[in-house]
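Take a look at the letters that make up each chain.
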Amino acid sequence: MADAATIRSKAPDGTGFIRAGSGAPVLLIHGVGMDAAIWQPQIAAMQDRFDVIAIDILGHGSSPLPPENARLSDFADQAIRLLDHLGLAHVAVIGHSMGALVAQEIALRAPSRISAIVCLNAVFRRPPELAQAVRERAAALGRPGDPSAIAATIARWFGNPIPPALSDAAATARAALESVDAEGYARTYRLFASADTAHTDHLADLAAPALFMTGSEDRNSTPAMSAAMARLAPAGRCLVLNGEKHMMTIASPQKVTQRIMNFLDEASSASAGAEAGPAFDAMEFRRALGSFLTGVTIVTTIDEAGDARGFTANSFTSVSLDPPLVLVCIAKKALGHQAFSTSRGFAINVLSEAQKAASGVFASKTADKFASVAWQPGQTGNPLIEGSVAVFDCGMEQLVDAGDHSILIGRVHDFSHNGAQPLGYCRGAYVTPGLSQEALAASAPPGTEVGAILEKEGRVLFFETAEGSYQLPAGRGLGAANDARSLRGKLAAKAIDAELGFLYAVWDDATDAARTHVYYRGTVDAPVSGDGQIRFVEIERIAELKIADPAVRSMLARYARERAEDTFGVYVGNEVEGEVRPLARPAPSTPSHSGPIHSGHR
């Protein structure tokens, strides 16, 4: 310990805490099964410069039990009461694992009291298999100090066998688990098992500078989780420590604590600069920029050593059709800045809805990002990621210095695209301009007609009836392939391999108010069967067809016009009147590439 005094005390409500040092106040919040003493390495390193307070959360150390059905607000209220007791109006808060969730809850409930937040090994929207494993562990909590449960936890945190270098850290964690109050542990762990989605819709309101730090080998609080939280938080940053696991605070305390103090120093300097400088709110500026709906891309290159490099970006736009130029921006502080700014070219991979996970990985500092995706070299050698909606393989045309970013302008040598649903991003969250097909399948009224305008190489798929009229594929509900009355069932019955994309029209039936019609745009990629009813009609000839339903006929006339202009909207109304709401307005200065360049292909 340093010379500064360390005090073990209790607040009037029974909350146990450790206090040491002097300076800017910092609140430390531990995870499930630990107590305030687990922060001893951080307390020793920080107390010469900070007023460090480490709290025993409810049910741990010397603090009272949480309610039987505890909520994050119970733990946040406990911490706020402690700050009130100590007379601290403004603190930085650091939380580990469960403590990170509590730290977020405090910052969201009392934003004016938080100067900065550090979330270590935090969980966020666990994938189904991981969520199930955590719930099963919560349900199986046994007797106090259960040796088998503790052994399994230690193995999960440190490895099995435990590396010799981590034996002391593992012993410290084991001692804490063996001494924790069994009921307090069980109540808290049950909350921890279900709280990973508690802040999904609120992180965009996290006002304080936020650091989300985890280990590259943490299988429960993954780099993708920290990256996702950092993208949602307006002033968020993600840091992944190579080789570290869940208990990196005691396994590598010097490395972790130094990163924490560096971040707190930066946050403090930024705050001081903001107070002294002109009245320009950078955080609010970032929020305003986030209101612009964009796609999501992964930008890739090969560095001088021959290694693939990549980062996630939504700062992508077209520049010129002749010559074909595009641009993307990269932060000068990004780890890959040197590689991209000196490269001979780069590729822009426009992501599909199915590539959210890849977006998170490439937004993090994970060591081997390309292990999470399938890719192949393009014409220029740049990595092209499989499954992308579009890829643009570029040579470096120009590098432009622009404030804290560099602008990479690329000349497109090759490109491809498909009809998959693109991934969107707005206000810190992933979005899609199309109506969720899953939501439609789950909640649409039984009588809803769902149809599709399916295109293949400039022709639209119809079914010709015995009377010579033409119909679009449609059915009762979206359904499944084994539901013969549904849209998917009707397509499957004719062996049509279709991919539905954006919502195109929604209208109420004029004769039956309870009936709604929903139509999507989509594509047919594979050859269809030899069914005699199937017809592919060129778009410009659709007006010549005999189509019995006047509403469908009107919709197809609009589709032909919008297809020619490449500007689509969504019709909302009834069969008689309604409104076309554009997805995007045409912008001549931002052209859309629709044909091959050199050896490009569709």
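All values reported here derive from a predicted model rather than from experimental measurement. (Residues numbered from 1 in each chain as written. Predicted model: local features only at pLDDT ≥ 70, side-chain atom pairs only at ≥ 80, totals over all residues. Heavy atoms only, no water.)

### Side note on the overall build of the protein chain
- Secondary structure summary: the protein chain contains 16 helices and 29 strands in total.
- Classification of the 602 residues of the protein chain by burial places 50% in the buried group.
- Relative to all contacts within the protein chain whose residues are 6 or more apart in sequence, the contacts with residues 24 or more apart total 70%.
- With the model as given, the accessible surface of the protein chain reaches about 27,500 Å², and the carbon-plus-sulfur share is 52%. (Helix = DSSP H or I, 4+ residues; strand = E, 2+ residues; numbered from the N terminus. Buried < 20%, exposed > 50% of the residue type's maximum accessible area, 1.4 Å probe, protein only. Contact = heavy atoms within 4.5 Å. Areas by Shrake-Rupley, 256 points an atom, 1.4 Å probe, with all protein chains shown as cover.)

### So, the sheet that holds strand S10 (residues 297-302)
- Strand order in the open sheet formed by seven strands is S11-S10-S14-S17-S18-S13-S12, with antiparallel pairing between adjacent strands. The open sheet has two edge strands with one neighbour each: strand S11 (308-313) and strand S12 (316-320). Between one strand axis and the next, the sheet turns through 35° on average, direction left out of account. (Pairing = 2+ DSSP bridges. Axes fitted to C-alpha atoms, helices over the stretch in contact; angles between N-to-C directions.)

### Brief notes about the pattern of salt bridges
- Counted by the stated rule, this structure contains 18 salt bridges.
- Where Arg113 meets Asp84, a salt bridge forms, and the shortest distance between an N and an O atom there is 2.7 Å. Linking Arg113 in the loop between helix H3 (98-109) and strand S6 (114-120) with Asp84 in helix H2 (residues 72-86), this pair joins segments that are 29 residues apart in sequence.
- The class for Arg113 is buried, based on a relative accessible area of 18%.
- Relative accessible area serves as the criterion here: at 46%, Asp84 is assigned to the partly exposed category.
- For Glu544, the salt bridge identified is with Arg541, shortest N-O distance 3.4 Å. (Salt bridge = Lys/Arg side-chain N within 4 Å of Asp/Glu carboxyl O.)

### Let's talk about unusual backbone geometry
- At the junction of Asn160 and Pro161, the peptide bond is cis and its omega measures out at 5° in the coordinates.
- Tracing the chain through its elements places Pro161 in the loop between helix H5 (147-158) and helix H6 (167-179).

### Overview of the nonpolar core
- Grouped together as the largest cluster of nonpolar side chains are 99 residues, with contacts concentrated most on Ile94, Phe158 and Leu264.
- The biggest single contributor to this core is H2, with eight residues.
- If we skip the residues at most four places from it in the chain, Phe158 touches Pro163, Leu166, Ala169, Ala170, Ala173, Lys245, Met247 and Ile250.
- With 20 residues, the next largest nonpolar core counts Leu472, Tyr504, Leu545 and Ala551 among its residues. (Core = buried A, V, L, I, M, F, W, Y, C linked by side-chain atoms within 4.5 Å.)

### Structural notes on H3
- Helix length check: H3 (twelve residues) gives 17 Å between terminal C-alpha atoms against 16 Å at 1.5 Å per residue, within 8%.
- Among the twelve residues of H3, ten are classified as buried, and the element is accordingly described as predominantly covered.
- Buried within H3 are the following residues: Met98, Gly99, Ala100, Leu101, Val102, Ala103, Gln104, Glu105, Ile106 and Ala107. (Expected span 1.5 Å × (residues − 1).)

### Comments concerning the side chain of Asp393
- Mapped onto the fold, Asp393 is located in strand S17 (residues 390-402).
- No salt bridge is formed by the buried Asp393. Its closest oppositely charged neighbour is Arg344, at 11 Å.
- A distance of 3.1 Å separates the side chain of Asp393 from the side chain of Asn382, its partner in a polar contact.
- The residues touching Asp393, leaving out its near neighbours within four places in the chain, are Phe346, Ala347, Gly378, Gln379, Thr380, Asn382, Leu384, Arg411, Val412, His413 and Asp414. (Lys, Arg positive; Asp, Glu negative; His and termini not counted. Polar contact = N/O pair within 3.5 Å; in protein donor to acceptor, adjacent residues only side chain to side chain.)

### Here we look at the environment of Asp508
- The residue Asp508 is located in strand S25 (residues 498-508) in this model.
- Remark: the alpha-carbon pair of Asp508 and Thr448, spanning 60 residues in sequence, is separated by 9.5 Å.

### Side note on the confidence of the model for the protein chain
- Considering every residue of the protein chain, the mean pLDDT works out to 85; 86% of them sit at 70 or more.
- The low-confidence segment residues 583-602, where pLDDT is below 50, has 42 contacts with residues more than four positions distant or belonging to other chains. (pLDDT = per-residue confidence, 0-100.)

### Topic: the packing of helix H4 (residues 128-139) against helix H7 (residues 182-194)
- Where H4 meets H7, the closest approach of the two axes is 9 Å, and the angle between their N-to-C directions is 165°. Judged on the interaxial angle alone, H7 and H4 are roughly antiparallel. H7 is crossed by H4, and the crossing has left-handed handedness. Between H4 and H7, the contacting residues are Val134, Arg135, Arg137 and Ala138 on the first element and Tyr189, Arg190 and Ala193 on the second.
- Residues of the contact of H4 with H7, tallied by class, amount to four nonpolar, no polar and three charged. (Parallel < 35°, antiparallel > 145°, perpendicular 65-115°, else oblique. Left-handed = near helix turned anticlockwise from the far one by under 90°. Nonpolar A, V, L, I, M, F, W, Y, C, P; charged D, E, K, R; others polar.)

### Here we look at the packing of aromatic side chains
- A full pass over the atoms with the stated rule returns ten aromatic pairs.
- Between the aromatic rings of Tyr504 and Tyr559, the centroid separation amounts to 5.6 Å while the plane-to-plane angle is 80°, which identifies the pairing as edge-to-face. In this pair, Tyr504 is assigned in strand S25 and Tyr559 in helix H16 (residues 550-565), connecting sequence segments 55 residues apart. No difference in accessibility class separates Tyr504 from Tyr559, as the two residues are buried.
- The structure contains a cluster of three or more aromatic residues connected by ring pairs, namely Tyr185, Tyr189 and Phe192.
- The aromatic ring of Phe463 is capped on one face by Lys494, whose charged end is 5.1 Å from the ring centroid. (Phe/Tyr/Trp six-rings, centres within 6.5 Å; stacked < 30°, edge-to-face > 60°. Lys NZ or Arg CZ within 6 Å of the ring centre and 35° of its normal.)

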